Amino acid sequence: SWLSREGVLAVLTFVPLTLSAALSIFADQYSPLVGLIGSALCAVTVFCTAMIYASLKSIDAWHTPFTP
């Protein structure tokens, strides 16, 4: 289901973003690759959230292909 995908992706997104924050705070460095991976995972997580809303048949305004 889209809810389980969202949950898994939210946890996976936490890993590179935590690594990026730790590098920034403790090592005064920035890794563009880690930031890009974290940003991409954020976008996919938001897409999964949108698909949860799009799958709700009870709300006509959300149950469209334009929701995501």
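Scoring rules and cut-offs
Residues numbered from 1 in each chain as written. Predicted model: local features only at pLDDT ≥ 70, side-chain atom pairs only at ≥ 80, totals over all residues. Heavy atoms only, no water. Phe/Tyr/Trp six-rings, centres within 6.5 Å; stacked < 30°, edge-to-face > 60°. Helix = DSSP H or I, 4+ residues; strand = E, 2+ residues; numbered from the N terminus. Buried < 20%, exposed > 50% of the residue type's maximum accessible area, 1.4 Å probe, protein only. Lys NZ or Arg CZ within 6 Å of the ring centre and 35° of its normal.

A. Local environment of the packing of aromatic side chains. Taken as a whole and judged by the stated rule, the model has two aromatic pairs. Arranged with centres 5.9 Å apart and planes meeting at 80°, the rings of W2 and F47 form a pair that is edge-to-face. With W2 in helix 1 (residues 2–26) and F47 in helix 2 (residues 32–54), this pair connects stretches of sequence that are 45 residues apart. Note on F47: relative accessible area 39%, which makes it partly exposed. Seen from their ring centres, Y53 and W62 are 4.7 Å apart, and the 80° between their planes marks the pair as edge-to-face. Owing to a relative accessible area of 37%, Y53 belongs among the partly exposed residues under this scheme. The residue whose ring lies beneath R5 is W2, and the NZ or CZ to ring-centre distance is 4.4 Å.

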